[in-house]
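One-letter residues, chain by chain:
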Amino acid sequence: AQSVTQLDSHVSVSEGTPVLLRCNYSSSYSPSLFWYVQHPNKGLQLLLKYTSAATLVKGINGFEAEFKKSETSFHLTKPSAHMSDAAEYFCVVSLWGGSQGNLIFGKGTKLSVKP
Amino acid sequence: DARVTQTPRDKVTEMGQEVTMRCQPILGHNTVFWYRQTMMQGLELLAYFRNRAPLDDSGMPKDRFSAEMPDATLATLKIQPSEPRDSAVYFCASGLVRGYRLETQYFGPGTRLLVL
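Calculation criteria
- Residues numbered from 1 in each chain as written.
- Chains lettered and ligands numbered in written order.
- Predicted model: local features only at pLDDT ≥ 70, side-chain atom pairs only at ≥ 80, totals over all residues.
- Heavy atoms only, no water.
- Helix = DSSP H or I, 4+ residues; strand = E, 2+ residues; numbered from the N terminus.
- Buried < 20%, exposed > 50% of the residue type's maximum accessible area, 1.4 Å probe, protein only.
- Lys, Arg positive; Asp, Glu negative; His and termini not counted.
- Salt bridge = Lys/Arg side-chain N within 4 Å of Asp/Glu carboxyl O.
- Contact = heavy atoms within 4.5 Å.
- Phe/Tyr/Trp six-rings, centres within 6.5 Å; stacked < 30°, edge-to-face > 60°.
- Disulfide = S-S within 2.5 Å.

1. Topic: the side chain of Glu88(A)
All names here are of chain A. Positionally, glutamate 88 belongs in strand 10 (residues 87-97). Although glutamate 88 is buried, it forms no salt bridge, and the closest oppositely charged side chain is lysine 110 at an N-O distance of 4.0 Å. Among residues more than four places away in sequence, those in contact with glutamate 88 are Tyr36, Val37, Gln38, Lys107, Gly108, Thr109 and Lys110.

Spelled out as structure tokens, the structure:
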């Protein structure tokens, strides 16, 4: 069975400081992993994805995430937060076998950015 | 820039009425997902299709919800009859599954449904 845990429901940082949003997963096999961002009253935008290639994945808007199999983690980072990064972030784990698949969303982490 | 489109963007209806939401997935993607998002429940996967065939609708209330994909460019989600507890934002997502992996998944802008 798969599961995903976003360790913080809310993270607050100051503008210009680093961002760390934590995600741990559980999966019997190597899954695909995604990070999505959702701004208030908007849809979900794909930030980045890991699908078995390089373990350090770069996404849009300066975000990146590192797949660490030994730690079963896929934490999202950004060196310097911007006010426009304030949003909710979702970590997703997915595994498919044959024609059936599984998509598990984390409960989300709300990121606040203080001026 | 390929995008998932959804119509309508907003829908207000009265309890008991039929609601139809439409989604146009990205050309070349082989999987379509329907999600529902509410403040209380968060994001829930309702159903998904692979190569237009319904694979899993276990997340969907079967008595009133139905999902179809009449052709490769159109997926529909119907609620009949609608109830106030169906009020939510409904997202369609288009994805590409290869082998054991979901290679990518893009979301549409959502349909905001309010049932009075």
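2. Side note on the packing of aromatic side chains
Summed over the entire model, instances satisfying the criterion amount to 15 aromatic pairs over all chains. Between the aromatic rings of Tyr25(A) and Phe67(A), the centroid separation amounts to 5.8 Å while the plane-to-plane angle is 25 degrees, which identifies the pairing as stacked. With Tyr25(A) in strand 4 (residues 23-26) and Phe67(A) in strand 8 (residues 64-68), this pair connects stretches of sequence that are 42 residues apart. By the ring-pair criterion, three or more aromatic residues cluster together here, those being Phe34(A), Tyr36(A), Phe90(A), Phe105(A), Phe33(B), Tyr35(B), Tyr48(B), Phe91(B) and Phe107(B).

3. Considerations on unusual backbone geometry
Thr7(B) connects to Pro8(B) through a cis peptide bond whose omega is -10 degrees. Residue Pro81(B) is reached from Gln80(B) by a cis peptide bond, and omega for that bond is -10 degrees. As for its position among the elements, Pro81(B) is in the loop between strand 8 (74-79) and strand 9 (88-98). If you check the backbone angles, Asn61(A) has positive phi at about 60 degrees while not being a glycine. Within the secondary structure layout, Asn61(A) lies in the loop between strand 7 (56-58) and strand 8. Look at Asn61(A) and you get partly exposed, because its relative accessible area is 48%. Positive phi values are uncommon outside glycine, yet Thr72(A) reaches one of about 45 degrees. Inspection of the secondary structure assignment puts Thr72(A) in the loop between strand 8 and strand 9 (73-78). Thr72(A) gets classed as partly exposed once you look at its relative accessible area, which sits at 31%.

4. Remarks on the state of the cysteines
Residue and element names in this part refer to chain A. Scanning the entire structure with this criterion turns up 2 disulfides over all chains. A sulfur-sulfur distance of 2.0 Å marks the disulfide that ties cysteine 23 to cysteine 91. Between cysteine 23 and cysteine 91, the S-S dihedral sits near -65 degrees, and the bridge is therefore left-handed. On the criterion of sequence distance, the pair formed by cysteine 23 in strand 4 and cysteine 91 in strand 10 is long-range, its members being 68 residues apart.

Keep in mind that these numbers describe shape and distance, not what the molecule does.
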